[in-house]
Amino acid sequence: MATAPQQVVDSELQQLARKHLWMHFSRMGAYSADHEIPLITRADGCYVYDEHGNRYLDGLSALFCVNAGHGRAEYGEAAARQVEELDFFTLWSYAHPRAIELAARIANLAPGDLNRVFFTDGGSEAVESALKLARNYHRAHGKGQKHKFIAREVAYHGTSLGALSATGITNLRNQFEPLVPGACHVPNTNIYRWPEDRDPMWAADAIEERIVFEGPETVAAVILEPVQNAGGCFVPPDGYFQRVREICDQYDVLLISDEVICAWGRLGHYFGCEKFGYQPDMITTAKGITSAYAPMGAVIASEKVFEPFSKGDASFAHGFTFAGHPVAAAVALANLDVFEREDLCGHVLAKEGEFRGMLESLRDLPIVGDVRGAGYFQAIELVKDKETKESFNDEESEKLLRGFLSAELYKRGLICRADDRGDPVIQLAPPLISDTEQFDEIHDVLRGVLTEAWEQVVN
Ligand SMILES: Cc1ncc(COP(=O)(O)O)c(C=O)c1O
């Protein structure tokens, strides 16, 4: 992620941060004498402010999560009411009203018979839980050998060891090996890089080939995002998920839709699978479930997946102390009230064309190779040569993204993601309340910065 070279302001917070705070996925060594830590101190709507009072358009909803936008006092009021009523109780063998109400509300919104909600504290825990649940489900049916899971290359499913095993990003994985056994990876839907005559079902068929290769009696689940984040918003070809569903049914493999990003309006629907018309056996989610006002995640399971755990002395021997925390559940309920009252999904559906059109208008720039995504979740792939689609090598990408783009975008007041976990991309996922004013602002910053990047860095 971006590091922002600026003049050093040795505020007390800067000093304390440099001394004590360990930021995630961050090169802490970069924040020394001449690089100050970007310190966000307040937020409102689509904007955040740093310690100097500089305003930034939050073009990434923090980290694909502040879906309803910043600064909504009613979420805090819901949290405060909840603390007064019941500060905390656990879901280990007990229930509490907000977890019950939220589970019922989510089940009501989720497609088909995804009726059972297992809360977690975040996305990695949700993925971890779904993978364990898949293994446990098959074991309960006397198929304990079914333990492998299939994920896609370059996909990000989290960092805890089980979730990391599903993650398909080599340099995130190999420094922590050995990982959890049983993870298999198949090609993703990076259609921009496919030969033009490739069968659109090629990537779906690769899942079947892998299941057959591994032996269907060993495969528990396939885990896929509706739109794959890492690599830059890979959308599926038409019919991809329908074919995957067929394959999963044929080989008795569970389909997990990892919607840590793609749920809660990001694609214009409560759940990303609705956008592409498929029915998973489980949805994993987090982030926008509370619009990030409190940490929370969930696995939403079908009746079929829940069934073996519904009777006799069976139980899913798995849990987290804080999962389904009453305060987080109260905030999630307040969040869903806002979604309904302001029709945030409808707003995204009404405005996604305009948002995408703004990004498409940047295609005249020599560095813009592709624009892709869905809803308020879009990416621009950067290339050295539009005709040949030649990408940047590691060194060039480092210079372009970390040496220039990240800092320059931030300096000009736009927070977005310049990412090279696949080929270099810029990703945008603004709060779902953003509109023409924010699109114009994004356009102006991107046009300026990408033009300069081409002149100063690429040439
Ligand atoms: C698809 C997907 N799965 C899992 C995760 C992990 O979520 P968390 O960071 O809340 O653990 C993420 C995080 O971005 C994600 O995008």
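Residues numbered from 1 in each chain as written. Predicted model: local features only at pLDDT ≥ 70, side-chain atom pairs only at ≥ 80, totals over all residues. Heavy atoms only, no water.

Visitor: How do you make sense of the overall build of the protein when you look at a structure like this?
Guide: Within the protein one finds 15 helices and 15 strands. In terms of overall dimensions, the protein is globule-like: its C-alpha atoms have a radius of gyration of 22 Å, near the 23 Å expected for 459 residues. Along the first, second and third principal axes, the C-alpha set of the protein runs to 65 × 60 × 45 Å. Looking at the protein as a whole, 56% of its 459 residues are labelled buried. Sequence-distant contacts in the protein: of pairs separated by 6 or more residues, those separated by 24 or more amount to 72%. Surface accessibility of the protein: about 19,100 Å² in total, with carbon and sulfur atoms responsible for 52%. (Helix = DSSP H or I, 4+ residues; strand = E, 2+ residues; numbered from the N terminus. Rg over C-alpha atoms; globule rule 2.2 N^0.38 Å. Buried < 20%, exposed > 50% of the residue type's maximum accessible area, 1.4 Å probe, protein only. Contact = heavy atoms within 4.5 Å. Areas by Shrake-Rupley, 256 points an atom, 1.4 Å probe, with all protein chains shown as cover.)

Visitor: Honestly, the packing of helix 14 (residues 394-411) against helix 15 (residues 436-458) in this entry has me stumped. Any pointers?
Guide: When two helices pack together, their arrangement is captured by the angle between the axes and the distance separating the axes. Between helix 14 and helix 15, the least distance of the axes is 10 Å, while the angle of their chain directions is 145°. Once helix 14 is placed against helix 15, the crossing between them reads as right-handed. Residue-level inspection shows Lys399, Leu400, Phe404, Leu405, Glu408 and Leu409 of helix 14 in contact with helix 15, the latter providing Val445, Leu446, Val449, Leu450, Glu452, Ala453, Gln456, Val457 and Val458. In the contact of helix 14 with helix 15, the residues fall into eleven nonpolar, one polar and three charged. (Axes fitted to C-alpha atoms, helices over the stretch in contact; angles between N-to-C directions. Left-handed = near helix turned anticlockwise from the far one by under 90°. Nonpolar A, V, L, I, M, F, W, Y, C, P; charged D, E, K, R; others polar.)

Visitor: When you look at the sheet that holds strand 15 (residues 425-428) in this model, what are you seeing that I'm missing?
Guide: Reading across the sheet, the four strands line up as 11-12-15-14 and stay open at both edges, with antiparallel pairing between neighbours. Edge strands, defined here as strands with exactly one partner in the open sheet, are strand 11 (368-374) and strand 14 (417-419). Geometrically, the sheet is characterised by an average inter-axis angle of 20° between neighbouring strands, direction not taken into account. Helix 13 (residues 344-360) contacts strand 11, strand 12 (377-382) and strand 15 of the sheet and is inclined by roughly 170° relative to strand 11. Here helix 14 sits on the sheet and contacts strand 12, strand 14 and strand 15; the angle it forms with strand 14, its principal contact strand, is near 175°. (Pairing = 2+ DSSP bridges.)

Visitor: Sorry, what's going on with the packing of aromatic side chains here?
Guide: Working definition: an aromatic ring pair is given by the centre-to-centre distance plus the angle between the planes. Taken as a whole, this structure holds 17 aromatic pairs when the rule is applied. Ring centres 4.1 Å apart and planes at 45° place the aromatic pair Tyr75 and Tyr293 in the tilted group. Taken together, the residues Tyr75 in helix 3 (residues 73-85) and Tyr293 in the loop between strand 9 (282-285) and strand 10 (297-302) connect sequence positions 218 residues apart. Judged by its relative accessible area of 1%, Tyr75 is buried. Tyr293 gets classed as partly exposed once you look at its relative accessible area, which sits at 29%. Connected via pairs of aromatic rings, a cluster forms that spans Tyr240, Phe241, Phe276 and Tyr278. In this structure, Arg42 is placed above the aromatic ring of Tyr49, and the distance from its NZ or CZ to the ring centre is 4.0 Å. A cation over an aromatic ring shows up here: Arg198 above the ring of Trp202, its NZ or CZ 3.5 Å from the ring centre. (Phe/Tyr/Trp six-rings, centres within 6.5 Å; stacked < 30°, edge-to-face > 60°. Lys NZ or Arg CZ within 6 Å of the ring centre and 35° of its normal.)

Visitor: Can you walk me through the pattern of salt bridges in this structure?
Guide: It is possible for side chains bearing opposite charge to pair when their charged atoms get close. Summed over all chains, the structure comprises 36 salt bridges. In this structure, Glu342 and Arg72 form a salt bridge, with 2.9 Å as the shortest nitrogen-oxygen distance. In this pair, Glu342 sits in helix 12 (residues 326-342) while Arg72 sits in the loop between helix 2 (61-64) and helix 3, placing the two residues 270 residues apart along the sequence. The exposure class of Arg72 is buried, given its relative accessible area of 15%. (Salt bridge = Lys/Arg side-chain N within 4 Å of Asp/Glu carboxyl O.)

Visitor: Explanation requested: helix 13 in the structure shown.
Guide: The end-to-end C-alpha distance of helix 13 is 23 Å, a good match for the 24 Å that 17 residues give at a rise of 1.5 Å each. By the largest-angle criterion, Lys351 marks the main kink of helix 13, which is about 45°. Among the residues of helix 13, those classed as buried are Leu344, Cys345, His347, Val348, Lys351, Glu352, Phe355, Met358 and Leu359. In this structure, the buried residues of helix 13 make contact with helix 10 (272-276), helix 12, strand 11, strand 12, strand 15 and helix 15. (Expected span 1.5 Å × (residues − 1). Bend = angle between axes of the 7 residues up to and from the residue.)

Visitor: I'm lost on the sheet that holds strand 10 in this one. Help?
Guide: The strands making up a sheet associate through backbone hydrogen bonding, with each pair oriented either parallel or antiparallel. With mixed pairing, seven strands are arranged side by side in an open sheet as 4-10-9-8-7-5-6. Edge positions in the sheet fall to strand 4 (114-120) and strand 6 (183-186), since each of these pairs with one other strand and no more. Within the sheet, the average angular offset between the axes of one strand and its neighbour, ignoring direction, is 25°. Here strand 7 (residues 219-224) pairs with strand 8 (residues 254-258) via four bridges, running parallel. Bridge pairing in strand 8 places Ala221 opposite Leu254. In the packing of helix 4 (residues 97-109) onto the sheet, the strands contacted are strand 4 and strand 10, and the crossing angle to strand 4 comes to about 135°. With respect to the sheet, helix 8 (residues 202-214) is in contact with strand 5 (148-152), strand 6 and strand 7, its orientation differing from that of strand 6 by roughly 145°.

Visitor: Please explain unusual backbone geometry as it appears in this structure.
Guide: Peptide bonds are trans in most cases, and residues, glycine excluded, mostly fall at negative phi. Each neighbour pair has its own omega, and for Glu177 with Pro178 the value is 5°, a cis peptide bond. When you line up the elements, Pro178 lands in the loop between helix 7 (170-173) and strand 6. For Ser93, which is not glycine, the phi dihedral falls at a positive 75°. Assignment of secondary structure puts Ser93 in the loop between helix 3 and helix 4. The phi dihedral of Ala292 is positive, around 70°, even though this residue is not glycine. Relative to the elements of secondary structure, Ala292 occurs in the loop between strand 9 and strand 10.

Visitor: How should the site of the ligand be read in this particular structure?
Guide: Close contacts around the ligand come from Gly122, Gly123, Ser124, Tyr156, His157, Gly158, Glu225, Asp258, Val260, Ile261 and Lys287, and that covers them all. A distance of 2.6 Å separates an oxygen atom of the ligand from a polar side-chain atom of Ser124. Side-chain polar atom of Asp258 to a nitrogen atom of the ligand: 2.7 Å apart, as the coordinates give it. Contact with the protein chains hides 82% of the accessible area of the ligand, taken as 390 Å² for the molecule alone. Broken down by class, the residue content of the shell around the ligand amounts to three nonpolar, five polar and three charged. (Near = heavy atom within 4 Å. Polar contact = N/O pair within 3.5 Å; in protein donor to acceptor, adjacent residues only side chain to side chain.)

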